[in-house]
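Take a look at the letters that make up each chain.
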Amino acid sequence: MSTLLVSAPGVGAQSNELASAINEERKLDQANGAIAPIGAFAAIGDMDRLAAALNQGLSAGLNIEQCKEILVQIYAYAGFPRSLNALGQLMKVLEERHGRGIHDDPGQAPSALPPVTAMLEEGTKNQTRLVGSPVKGPLFDFAPAIDQYLKSHLFGDIFARDNLDWQSRELATVGALSALTGVEAQLQSHLKVSFNVGLSPMQLRQLPQLLADSGARDASERLQKALDVVVPRN
């Protein structure tokens, strides 16, 4: 799997714009292109198509730890049951591939995380970098617990894990949200985050076709509509 350009922590909007400009002419490779379909099928529990997407991603260069991490990431958006089932399917896929004599790259486990007591601060920093500004609003004043969980757990515990880069996490998240109904606002928000971590409009506009080609036609249509809102065509 080739490494996409990722803005370094603490780097401002100028560097994000530079990364996006460099990436503008660079299409997603096959490994990165497999991430959104994996996220989509995991999110809706389509195990047969998930197996096909995982096989495609592994054959294209995703390692085992990256695949595991994509499916762990999905739980934050589709729930534990979908994530657990998807991880079980990954185990079956790996067993079947091993039986065929395919030995996939195991990858590397994440580095040690900050202590639990520091995770709220870590998550708040990560969220601000991803979104581009501090996140606040009436919803979080109304239900401060969800704000704390988002910051300390999603953007702390999960996004602090370094065995999957932020661009790959956003590709997985965009795929998952595209497959789900009623989450248009969140999908549009994560498309904007995708720009903030250096993915280009060209790369994101590849995703609807990749989803359609994998059999996720409803997800493809939802994503196309969201892209047309966030990145109007010239």
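Quick caveat, the model's predicted, so the values are computed rather than measured. (Residues numbered from 1 in each chain as written. Predicted model: local features only at pLDDT ≥ 70, side-chain atom pairs only at ≥ 80, totals over all residues. Heavy atoms only, no water.)

What follows covers the overall build of the protein chain. Along the protein chain, the regular secondary structure elements total 13 helices and zero strands. Mapped from its N terminus to its C terminus, the protein chain presents α and β elements in the order α-α-α-α-α-α-α-α-α-α-α-α-α. Counting across all 234 residues of the protein chain, residues that qualify as buried make up 46%. Element-wise, carbon and sulfur atoms account for 55% of the exposed surface of the protein chain, whose accessible area totals about 11,600 Å². (Helix = DSSP H or I, 4+ residues; strand = E, 2+ residues; numbered from the N terminus. Buried < 20%, exposed > 50% of the residue type's maximum accessible area, 1.4 Å probe, protein only. Areas by Shrake-Rupley, 256 points an atom, 1.4 Å probe, with all protein chains shown as cover.)

Under the criterion given, the structure shown has nine salt bridges. Residues Glu96 and Arg100 are paired through a salt bridge, measuring 2.5 Å at the closest nitrogen-oxygen approach. One salt bridge connects Asp104 with Arg97, and the closest N-O pair in it is separated by 2.8 Å. What emerges from the salt-bridge pattern is a single network uniting Glu69, Arg161 and Arg169. (Salt bridge = Lys/Arg side-chain N within 4 Å of Asp/Glu carboxyl O.)

We now examine the packing of aromatic side chains. Geometry of an aromatic ring pair is reported as the spacing of the ring centres plus the angle between the planes. Tallied over the entire structure, the rule returns three aromatic pairs. Pairing Tyr75 with Phe80 gives two aromatic rings, centres 4.2 Å apart and planes at 15 degrees, and the pair type is stacked. A relative accessible area of 51% means that Phe80 is categorised as exposed. Aromatic rings pair up to connect Phe155, Phe159 and Trp166 into one cluster. A cation over a ring is seen here: Lys151 above Phe140, with NZ or CZ 5.9 Å from the ring centre. Residue placement shows Arg169 over the ring face of Phe159; its charged tip is 5.9 Å from the ring centre. (Phe/Tyr/Trp six-rings, centres within 6.5 Å; stacked < 30°, edge-to-face > 60°. Lys NZ or Arg CZ within 6 Å of the ring centre and 35° of its normal.)

Bringing helix H10 (residues 166-179) into the picture now. Residues separated by three or four positions in an α-helix point in the same direction, a consequence of the helix having 3.6 residues per turn. For H10, spanning 14 residues, the distance from its first C-alpha to its last is 20 Å, which sits close to the expected 20 Å at 1.5 Å a residue. Among the 14 residues that make up H10, 14 are buried, leaving the element largely enclosed by the rest of the structure. Near the N-terminus of H10, the side chain that reaches the backbone nitrogen of Gln167, with its oxygen 3.1 Å away, is that of Asp165. (Expected span 1.5 Å × (residues − 1). Polar contact = N/O pair within 3.5 Å; in protein donor to acceptor, adjacent residues only side chain to side chain.)

Viewed as axis vectors pointing N to C, helix H3 (residues 35-44) and helix H12 (residues 201-214) meet at an angle of 55 degrees, and their least axial separation amounts to 9 Å. In terms of orientation, H3 lies oblique with respect to H12. The crossing of H3 and H12 is right-handed. Residues Ala36, Pro37, Ala40 and Phe41 of H3 form the contact with H12, whose own contacting residues are Leu207, Leu210, Leu211 and Ser214. Taken together, the residues that form the contact of H3 with H12 break down as seven nonpolar, one polar and no charged. (Axes fitted to C-alpha atoms, helices over the stretch in contact; angles between N-to-C directions. Parallel < 35°, antiparallel > 145°, perpendicular 65-115°, else oblique. Left-handed = near helix turned anticlockwise from the far one by under 90°. Contact = heavy atoms within 4.5 Å. Nonpolar A, V, L, I, M, F, W, Y, C, P; charged D, E, K, R; others polar.)

To continue, consider the nonpolar core. Note that soluble globular proteins tend to have their nonpolar side chains buried in a common cluster. Among the nonpolar cores identified, the biggest contains 57 residues, and Ile38, Leu50, Leu191, Leu207 and Leu223 are the most heavily contacted of them. Ignoring any residue separated from it by four or fewer positions in sequence, one finds Leu50 in contact with Ile38, Phe41, Ala42, Leu71, Ala86 and Gln89. (Core = buried A, V, L, I, M, F, W, Y, C linked by side-chain atoms within 4.5 Å.)

The next thing to look at is the packing of H12 against helix H13 (residues 217-230). Here H12 crosses H13 at 165 degrees, and the two axes come no closer than 7 Å. Judged on the interaxial angle alone, H13 and H12 are roughly antiparallel. With respect to the hand of their crossing, H12 and H13 are arranged in left-handed fashion. Between H12 and H13, the residues in contact are Leu204, Arg205, Leu207, Pro208, Gln209, Leu211 and Ala212 and Arg217, Ala219, Ser220, Leu223, Gln224, Leu227 and Asp228, respectively. Residue composition of the contact of H12 with H13, grouped by class: eight nonpolar, three polar and three charged.

In this section: the environment of Phe41. Relative to the assigned elements, Phe41 resides in helix H3. Since its relative accessible area comes to 2%, Phe41 is described here as buried. For the pair Phe41 and Ala176, spaced 135 residues apart in the sequence, the C-alpha separation amounts to 7.4 Å.

Mapped onto the fold, Asp105 is located in the loop between helix H6 (80-99) and helix H7 (119-131). Along the primary structure Asp105 and Gly61 are separated by 44 residues, whereas in three dimensions their C-alpha atoms are 8.2 Å apart. Apart from the residues lying within four places of it in its own chain, the contact partners of Asp105 are Asn63 and Ile64. One polar contact links the side chain of Asp105 to the main-chain amide nitrogen of Gly107, over a distance of 3.0 Å.

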